[in-house]
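Spelled out, the chains give:
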Amino acid sequence: MAVEYFEDTRTFRLRSKDTDWVMQVVDEGYLLQVYCGAAVPDSDLSWLLRLDEPPFVPSVNMRDKGTFMDSAPFVYPCAGTGDYREPAFEIVAPDGTTASDLRYSSHRIYSGKPALDGLPATFAAEESGCETLEIVLEDKFTGLEVTLVCTAFEKLSAFTRSVRVKNCGIQPVFLKNVSSMCAEFDSSDMDMITLWGSWARERIPERCRLHHGVQYISSGRGTSSHQYNPFAALCVRNADEDSGEVWGFSLVYSGNFKALAEVTQHDCTRFIIGMGSDGFLWKLEPGETFTAPEAAAVHSLEGLGGMSRTFHDLWRQNLIRSPYKFRERPVLINNWEATYFNFDADKLANIASEASELGIEMLVMDDGWFGHRESDNSSLGDWFVNEKKLPGGLGALVERVKGYGMRFGIWFEPEMISPDSDLFRSHPDWAIQIKGREMTMSREQYVLDLSRSEVRECVYSQIKRILDSADIAYVKWDCNRQITEAGSLALPADRQQEVMHRYILGVYDLMERLVTDYPDLLLENCSGGGGRFDPGMLYYSPQIWCSDDTDALERLKIQYGTSLCYPCSAMGAHVSVCPNHTVGRTTPFSTRANVSLAGTFGYELDVTKLSEEDKSAIPGQIALYKKYGRLVRSGDLFRISSIFDDPEYHALMFVAKDKSEALVEYFQVLGRPNRRSRRIKLKGLDPDAVYFEEKAPEKTISGAALMNCGINICGLWGDCQSVIFHYIKK
Ligand code: GLA
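This is a predicted model, so every value here is computed, not measured. (Residues numbered from 1 in each chain as written. Predicted model: local features only at pLDDT ≥ 70, side-chain atom pairs only at ≥ 80, totals over all residues. Heavy atoms only, no water.)

A. Spotlight on the layout of surface pockets. Taken as a whole, the largest pocket encloses approximately 690 Å³ of empty space. Lining the largest pocket are 33 residues, and of these R50, F185, D186, S187 and C268 lie nearest its centre. Looking at which element gives the most residues to the lining of the largest pocket, the answer is strand β4 (residues 31-38), with five residues. Looking at the lining of the largest pocket residue by residue, the class counts come to 19 nonpolar, six polar and eight charged. Here the second largest pocket is characterised by a volume of approximately 580 Å³. Together, 23 residues line the second largest pocket, and K17, E302, G306, R309 and T310 are the ones closest to its centre. Taken together, the elements giving at least two residues each to the lining of the second largest pocket come down to β19 (289-300), α2 (303-318) and β31 (636-639). (1 Å grid on protein atoms, 1.4 Å probe; cavity = no way out; pocket = protein on both sides within 12 Å on 5 of 7 lines; lining within 4 Å. Points joined across faces, edges and corners; volume = space filled by probe spheres on them. Helix = DSSP H or I, 4+ residues; strand = E, 2+ residues; numbered from the N terminus. Nonpolar A, V, L, I, M, F, W, Y, C, P; charged D, E, K, R; others polar.)

B. Highlighting the domain arrangement of the protein chain. Here the domain parsing of the protein chain yields domain 1 (3-318), domain 2 (330-467 + 489-518) and domain 3 (649-729). Centre-to-centre, using C-alpha coordinates, domain 2 lies 44 Å away from domain 3. (Domains from an automatic or database assignment.)

C. Examining the sheet that holds β4 more closely. Taken in spatial order, the four strands of this open sheet run β1-β2-β3-β4, and their pairing is antiparallel. Across the chains shown, the open sheet's two edge strands, defined by having one partner strand only, are β1 (3-6) and β4. Strand-to-strand twist in this sheet, taken as the mean axis angle between neighbours without regard to direction, amounts to 15°. Judged from the six bridges that link them, strand β2 (residues 11-16) and strand β3 (residues 19-25) form a sheet pairing that is antiparallel. The residue bridging T11 from the neighbouring strand is Q24, located in β3. (Pairing = 2+ DSSP bridges. Axes fitted to C-alpha atoms, helices over the stretch in contact; angles between N-to-C directions.)

D. Representation of the environment of R555 in the model. Structurally, the position occupied by R555 is in helix α10 (residues 552-563). Along the sequence, R555 and A158 sit 397 residues apart, while their C-alpha atoms lie 29 Å from each other. Each residue touching R555, except ones within four places of it in the same chain, is listed here: W545, C546, S547, D549, T550, Y560, G572, A573 and V595. Looking at R555, its side chain comes within polar contact range of the main-chain oxygen of D549, at 2.7 Å. (Contact = heavy atoms within 4.5 Å. Polar contact = N/O pair within 3.5 Å; in protein donor to acceptor, adjacent residues only side chain to side chain.)

E. Spatial organisation of empty space enclosed by the protein. The final tally for this structure, using the stated rule, is seven cavities of 30 Å³ or more. Reported here for the largest cavity is a volume of approximately 140 Å³. Lining the largest cavity are 17 residues, and of these Q559, Y560, A598, H650 and L652 sit closest to its centre. Looking at which element gives the most residues to the lining of the largest cavity, the answer is α10, with four residues. In this model, the second largest cavity occupies a volume close to 90 Å³.

F. The arrangement of the sheet that holds strand β38 (residues 721-729) in detail. A sheet is described by the order of its strands in space; here six strands give the open sequence β31-β32-β33-β38-β35-β36, paired in antiparallel fashion. Where the open sheet ends on each side, the last strands, each with one partner, are β31 and β36 (700-702). Recorded for the sheet is a direction-independent mean angle of 25° between the axes of neighbouring strands. Looking at chain direction, strand β35 (residues 690-693) and β38 are connected through three bridges and run antiparallel. Residue E693 lies in a different strand from β38, and its bridge partner there is Y727. Across the sheet, α10 is in contact with β31, β32 (649-655) and β33 (661-668); its angle to β31 comes to roughly 120°.

Right under this line is the structure:
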């Protein structure tokens, strides 16, 4: 049983694999969090609430209500009634006041979990069954009913939470903050790990000791952003890659978010994750319901590695719906870094012809095929083929490419509109804007007001026409700017602060239509590289372009940081040319391929311009992908080292779930003078089994020795070298 209710103490216990999350309804109806951590047999842990310790206890028996409110570990804390810590829930009531007071009203427990209205969310899957507890809290003053939807997964140490708010009152209420999850810890002796970044250097891990006050990451950009990922971990101070207690939190949402930890006056820590509340105000009419996105929490006693593996399993089993989630992805070649905007049908056909000879299976035509787009300054919104570049239309090009035995993929940026476009000329009001204010231009484009159904309809019908006009197997969905002047000409004044969320709901609506109408389409998300790499997007696309930085060494860092929360099967990773277009660095072709191997694998270069030596290496690289791709997609990731801790080298491995084989990747970032071989210890193998490395089948070695004694890496000469090993169980 993943969810239990103990009537005598009014206690709920959610148990996920070996982790408990316990809540209790106390006197006066407040719902408190009793415990979250390693599973324990006891059903009554109420002493942990310290309700018998004056003065921080409820108001009955001369107890002080105010101090209770400001110290109790609330499951869903609200504002204005004595809790001065960060709230998860804030409103503006019909009388203009901002207090709320949520108390238990009812609950129900059921197997499985519900889908969320218009939002991505994890689902029950065979591999990891789940049970759900819905607890209804009410604010009698306004008539608001807040339902916490709490799911526990049976075979993964993972929990999810989402929130529904129903206005059962008789007047509209404004929602200011509807966060998805709050977790309370009776300790402040923890570190917080977040992923920060920028364009071309996304998701760099940063670990800081918690301090009194609020530490906070967020995005107000309309996308989850390059700058901060909607992920945070709290861990004990001595937690490392393989040991120590870690809680990881992630928001299944692609727009504005916040994640914060507050260390309080009593050295406790409150953690909250949810939609961004700056600039958010949602008008909820009587009878209406608002659904906040889902947050996930995973617990690990095996350090950061354990946390990551649980996230990877959760997303792969219970979030990604695409038929491609474990399936081999076609080896593609994308023309962006090969040609940028400067291409025509002949150029693309030449690339396809040469690529097909080498074993590449799909040509992806990137930005520049539509309207009259020759650079980034026009035509977004005009999704019809530029016949000057592609004479005879898309069908003619696709048939040519198919003639080489390849499939075809195409780039769209559906959420955008160029001022120089037919669409903008006929519908200037369709861009997100504030009437009377200058619209900030970014990458020479504006953002479409996807909160409007007629705008979505127009974009979708254009995309559909293109997809129906030719045999298209793959779509790259890009989003290359952030939102400014968040306003909609279609909404009244008291709904303008709903635009950011309505926009994302519009994006989800479009993607849902796309994956429903084209269930076999391979969809890859992208946002100026990796600016929207979040679980919300994974619900629609099994892979996301990780970064516009394709340099092998930079990618080691980006893919390492990304792997804290996301599976390698989701990381768009291509081999590109050197000197690299972003950093000017030259790395060996084989190293670039080995880095891509730990992602979706593909090429992003003009194969017709490659040296014969590089060209002749491609079939072998593809063979490696064919051989190891399954392990990467469905195995367990073990990070052996971190390039951030020791920038001289990097090592990781993928272990089959049944531990029958493992792929080890080692990267020597810098050559080492006068040193002996480097020893690395493998992880995740069966200690009692005997393994051999494929290149030396006669030499067997126990899993215990591989993990406890390690292997010596020798023979690498120079910078940016790499080697891979394949260990097979005998
Ligand atoms: C973004 C993407 C690139 C490419 C360009 C095209 O930057 O990340 O891969 O598609 O847009 O404009």
